[in-house]
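Architecture at a glance
Residue strings, one per chain:
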Protein chains: 2
Amino acid sequence: MSDVTAYAPATLANLGPGYDVLGLALTGLGDRVVAAHGEPGAGVTLDGVLNDAGRLPRTAGANTAAVAATLALQALEHPADLRLTLHKGTPHGAGLGSSAASAVAGALAAATLALGGHLNDAGHRRLLDACVEAERVAAGVPHADNVAPALLGGVVLIRRYNPLEILPLPAPPDLRVVVATPGFSFSSREAREVLPEQVRLSNATSNSANLGALVAGFFRGDLELIGRALMDDAIVEPIRAAMIPGYRRVKRAALDAGALGVSIAGAGPSCFALTGSDRDATRIALAMETAWAAEGVTARAHVGAIDTQGARLVGGLAG
Amino acid sequence: MSDVTAYAPATLANLGPGYDVLGLALTGLGDRVVAAHGEPGAGVTLDGVLNDAGRLPRTAGANTAAVAATLALQALEHPADLRLTLHKGTPHGAGLGSSAASAVAGALAAATLALGGHLNDAGHRRLLDACVEAERVAAGVPHADNVAPALLGGVVLIRRYNPLEILPLPAPPDLRVVVATPGFSFSSREAREVLPEQVRLSNATSNSANLGALVAGFFRGDLELIGRALMDDAIVEPIRAAMIPGYRRVKRAALDAGALGVSIAGAGPSCFALTGSDRDATRIALAMETAWAAEGVTARAHVGAIDTQGARLVGGLAG
């Protein structure tokens, strides 16, 4: 094996009342990392980053793909000298788990090449832990609600940290996710800092109930319930909505176009709408782009479904 | 039809992180209300309350059975003159939904006799609304997490109020619930007042995650997951536990005896333990009684399962 290419999908986290605990993997957007053997003693190095408009760090210690690769090799107790190349397919600073996609693709590519083949379950678990830790580089706090769905695919609930417990939820096959990404961005660190440290118990209770309803909706495959519960966020969306110019208009346009639910993708500024058919999704995508244009913002809408595969090898296995 | 007897089960609400939003109906404990035709013009009157050691109000305006019956007849637009007799089977002031069982049994008996037969779905829905309102008499706030499972049976999630939306969850048939009730009591109003108005966002997030995990556990029939998630309550149990003398010891004893999870029943002071077999339940019941005895408290343990029927007519239909 001379090189390995791994793919990891973009992800939606902070799903309305699912702030910090619920995430899903998206089809059609994701990062690829190519890992190749490097100079002896060089450790993990970053050869290049493509398709990021020059915005991401080029040093291995600051780029989550290389950070996660290094942490994964440490966790697997299998040091290796590897050269990584990151091909971005996830928009950066958009709220779509860009750093998680890079981390997971980097860790999977590096671990697969270093170990010479597929990972077992224990190895996968170590990759997950390494990627959660790598997220600290991007977000300031270790969090799993992007890296877990990016690695495992589907919809996941993070029940707890220390130790991390991830619960996969059923992914309704007919769910369509329309993600509209405006041409401005902000860091998830900033978006996190606007949230209060304390919230009303009544709002916490309401969000719990709706998180429970989201989980029930995924188990039932009840897209209307998922949409209703998504919209009942008493804590995070009201605050972050104010940070995203045009959000209210875009949300209204998506609902008017038939969306079952609308909320903010991750920490924003992308927003997303849910629906049950490709035809509706196309109409909603257009409505969201048009609404943002009316605010003077160029936005691009992507229509996807839930990526149930998660991170995977896409090249170089036969090397 | 000269009289009708309705039964409604005791209920467990505030299930760990499910504070205010999750409840289940219990087998083996519940209230019965007998409704008979009364004097023309008298409205709903309360003939008597049995088996309550004289502790409950005897006036129709203050007893939830009669309050709920009156509100139900109003909601059904079917005024009637009815005499009610309440037979208590749910311990009062124990955290087992005593007022809800009375309300639901009272409303169902009254509505059935007034209408002369079974209720349709719309009628059932009006009963539910009337019982939620009747709970205001007992708890000071309208709440649905006892009356909904008492009426509908099974496990229910209250997604929201105004309008009320109830989601039934699957009830694992092998789940056993051990409820240990000490010989002291306090009002749910007092227990509510010790809770803070504000909570840390991180604790709210943790409780949301675990409420989601409880819901997932009920869908999967995964009793171990239900037990783990029940125990991860960062908000309510730590505060209310301090109000219940002996609680820590009883909880420890139940876990040592093999319980999958332990928490406070409703607002307390009963506590409950979950397990998957009758044999374990018997052992846990004994351990909980013994632990409370070591604290100088006489407690009585009841072993039940989830009552999937909910409120029902148990006599007088053929009148």
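Keep in mind the model is a prediction, meaning the values are calculated, not measured.

Further remarks concern the side chain of Glu165(A). Following the sequence through the fold, Glu165(A) ends up in strand β6 (residues 165-169). When sequence neighbours within four positions are dropped, the list of residues in contact with Glu165(A) reads Leu157(A), Ile158(A), Arg159(A), Arg160(A), Leu225(B) and Arg228(B).

A word on the side chain of Thr205(B). By secondary structure assignment, the location of Thr205(B) is in helix α6 (residues 201-220). Residue Thr205(B) is classed as buried on the basis of its relative accessible area of 11%. Contact partners of Thr205(B), with chain neighbours within four places excluded, come to Tyr19(A), Asp20(A) and Val21(A).

Right, let's talk about the relation of the copies chain B and chain A for a bit. With an RMSD of 0.0 Å, the fit of chain B onto chain A corresponds to turning through 180° and sliding 0.0 Å along the axis. Overall, the copies show the geometry of a two-fold rotation axis.

A few words now on the domain arrangement of chain A. Residue and element names in this part refer to chain A. Domain annotation for chain A reports domain 1 (3-171 + 307-315) and domain 2 (176-304). For domain 1 and domain 2, the distance between their C-alpha centres works out to 24 Å. Taken together, the contact between domain 1 and domain 2 spans 32 residues of the former and 33 residues of the latter. When the two sides are added together, the surface that domain 1 and domain 2 hide from each other amounts to roughly 2,400 Å², 66% of it contributed by carbon and sulfur. Contact with domain 2 buries area across many residues of domain 1, yet Pro 17, Tyr 19 and Pro 170 alone supply 24% of it, more than any other trio.

Side chains of residues three or four places apart in an α-helix project in the same direction, reflecting 3.6 residues per turn. Residue and element names in this part refer to chain A. Relative to the 28 Å expected for 20 residues at 1.5 Å per residue, helix α6 (residues 201-220) spans 28 Å between its end C-alpha atoms, a close match to the ideal helical length. For α6, a buried count of 15 out of 20 residues is recorded, marking the element as mostly surrounded by other parts of the structure. Positive phi shows up at Gly 221, right after α6, with a value of about 65°.

Residue and element names in this part refer to chain B. Taking burial as the measure, the 20 residues of strand β2 (residues 18-37) include 16 buried ones, the bulk of the element. With 11 bridges joining them, strand β1 (residues 3-15) and β2 adopt antiparallel strand pairing. From the neighbouring strand, Leu 15 faces β2, where its bridge partner is Gly 18. Note: β2 against strand β5 (residues 155-160), 3 bridges, orientation antiparallel. Considered in β5, the bridge of Leu 22 is made with Leu 157.

Close approach of charged atoms allows side chains with opposite charge to pair. Within the structure shown, the criterion is met by 33 salt bridges over all chains. In this structure, Arg249(A) engages Glu295(A) in a salt bridge whose closest nitrogen and oxygen atoms are separated by 2.7 Å. Of this pair, Arg249(A) sits in helix α9 (residues 247-256) while Glu295(A) sits in the loop between α10 (278-294) and β11 (299-304), and the two are 46 residues apart along the sequence. Ionic pairing is found between Glu237(B) and Lys251(B), a salt bridge with its closest N-O pair at 2.8 Å. One end of the pair, Glu237(B), is in helix α8 (residues 237-241); the other, Lys251(B), is in helix α9 (residues 247-256), and 14 residues separate them in sequence. One connected set of salt bridges, linked through shared partners, spans Arg159(A), Arg160(A), Glu165(A), Arg228(B) and Asp232(B).

In this model, Gly268(A) is joined to Pro269(A) through a cis peptide bond whose omega is 5°. One non-glycine residue, Asp20(B), adopts positive backbone phi at about 75°. Positioned with a positive phi, Asn51(B) is a non-glycine residue whose angle comes to about 70°. With respect to the helices and strands, Asn51(B) occurs in the loop between β3 (44-50) and α1 (64-75).

What follows deals with the sheet that holds strand β11 (residues 299-304) of chain B. All names here are of chain B. Within the open sheet, the 4 strands sit side by side as β9-β10-β7-β11. Their pairing is antiparallel. Two strands close off the open sheet at either side, each with one partner strand: β9 (261-264) and β11. Here the strands of the sheet are splayed against their neighbours by 20° on average, with no regard to which way each runs. As defined by bridge partners, β9 adjoins strand β10 (residues 271-275) across 4 bridges and the pair is classed as antiparallel. Within the sheet, the bridge partner assigned to Gly 261 lies in β10 and is Leu 274. Of the strands in this sheet, β9 and β10 touch helix α7 (residues 223-231), which is tilted by about 40° from β9. Helix α10 (residues 278-294) contacts β7 (176-182), β10 and β11 of the sheet and is inclined by roughly 15° relative to β7.

Across the contact, 37 residues belong to chain B and 37 residues belong to chain A. Buried area between chain B and chain A, summed over both chains or domains, comes out near 2,900 Å², and the portion from carbon and sulfur atoms is 59%. The three residues of chain B that bury the most area against chain A are Arg159(B), Leu201(B) and Phe219(B), which together make up 22% of that side's buried surface. Where chain B touches chain A, the interface holds 7 salt bridges. Asp232(A) is paired through a salt bridge with Arg159(B); the nearest N and O atoms lie 2.9 Å apart. Our enumeration of links across chain B and chain A arrives at 14 residue pairs in polar contact (both at pLDDT 80 or more). Counting residues per element, the side of chain B that touches chain A draws most heavily on α6(B), at 14 residues. Among the residues making up the side of chain B that touches chain A, the classes are represented as 22 nonpolar, 6 polar and 9 charged.

What follows is about the nonpolar core. A general trend in soluble globular proteins is that nonpolar side chains are found buried together. Ranked by size, the top nonpolar core spans 66 residues in total, and within it Leu22(A) and Leu22(B) carry the most contacts. Non-local contacts of Leu22(A), meaning those with residues more than four positions away in its chain, are made with Leu12(A), Ala13(A), Asn14(A), Leu15(A), Asp145(A), Val155(A), Val156(A), Leu157(A), Leu169(A), Leu211(A), Leu214(A) and Phe218(A). Ranked by size, the runner-up nonpolar core spans 49 residues in total, among them Ala66(A), Ala105(A), Ile158(A) and Leu164(A).

Another aspect to go through is the sheet that holds β11(A). For sheets, the rule is that strands pair by backbone hydrogen bonds, running either parallel or antiparallel. Residues and elements named next belong to chain A. Spatially, the 4 strands line up as an open sheet ordered β9-β10-β7-β11, and their pairing is antiparallel. This sheet does not close on itself; its edge strands, each paired only once, are β9 (261-264) and β11. Pairwise comparison of adjacent strand axes, ignoring direction, gives a mean angle of 20° for this sheet. Contacts from α9 reach β9 and β10 (271-275), with the element oriented near 155° to β9. Across the face of the sheet, α10 comes into contact with β7 (176-182), β10 and β11 while running at roughly 15° to β7.

A word on the layout of surface pockets. A volume near 820 Å³ is recorded for the largest pocket. What lines the largest pocket is a set of 30 residues, among which Ser202(A), Asp20(B), Pro142(B), Tyr161(B) and Arg192(B) lie closest to the centre. Looking at the lining of the largest pocket, the elements that each hand over two or more residues are α6 of chain A together with β2, α3 (121-139) and β5 of chain B. Residues that form the lining of the largest pocket fall into these classes: 13 nonpolar, 6 polar and 11 charged.

As a further point, take the packing of aromatic side chains. Each aromatic ring pair is summarised here by two numbers: the centre-to-centre distance and the angle between the ring planes. The final tally for this structure, using the stated rule, is 2 aromatic pairs over all chains. Judged by centre distance (6.5 Å) and plane angle (85°), the ring pair of Phe184(A) and Trp292(A) falls under edge-to-face. Pair noted here: Phe184(A) is in the loop between β7 and α5 (188-193) and Trp292(A) is in helix α10, with a separation of 108 residues, a long-range link. On the basis of an interplanar angle of 10° and a centroid distance of 4.9 Å, the ring pair of Phe219(A) and Phe219(B) is categorised as stacked. Here Phe219(A), found in helix α6, pairs with Phe219(B), found in helix α6, and the two come from separate chains. Residue classification places Phe219(A) among the partly exposed residues on the basis of a relative accessible area of 22%.

Cut-offs used in this document
Residues numbered from 1 in each chain as written. Chains lettered and ligands numbered in written order. Predicted model: local features only at pLDDT ≥ 70, side-chain atom pairs only at ≥ 80, totals over all residues. Heavy atoms only, no water. Helix = DSSP H or I, 4+ residues; strand = E, 2+ residues; numbered from the N terminus. Contact = heavy atoms within 4.5 Å. Buried < 20%, exposed > 50% of the residue type's maximum accessible area, 1.4 Å probe, protein only. Least-squares fit on C-alpha atoms with pLDDT ≥ 70 in both. Domains from an automatic or database assignment. Buried area = accessible area lost by both parts, 1.4 Å probe. Expected span 1.5 Å × (residues − 1). Pairing = 2+ DSSP bridges. Salt bridge = Lys/Arg side-chain N within 4 Å of Asp/Glu carboxyl O. Axes fitted to C-alpha atoms, helices over the stretch in contact; angles between N-to-C directions. Polar contact = N/O pair within 3.5 Å; in protein donor to acceptor, adjacent residues only side chain to side chain. Nonpolar A, V, L, I, M, F, W, Y, C, P; charged D, E, K, R; others polar. Core = buried A, V, L, I, M, F, W, Y, C linked by side-chain atoms within 4.5 Å. 1 Å grid on protein atoms, 1.4 Å probe; cavity = no way out; pocket = protein on both sides within 12 Å on 5 of 7 lines; lining within 4 Å. Points joined across faces, edges and corners; volume = space filled by probe spheres on them. Phe/Tyr/Trp six-rings, centres within 6.5 Å; stacked < 30°, edge-to-face > 60°.

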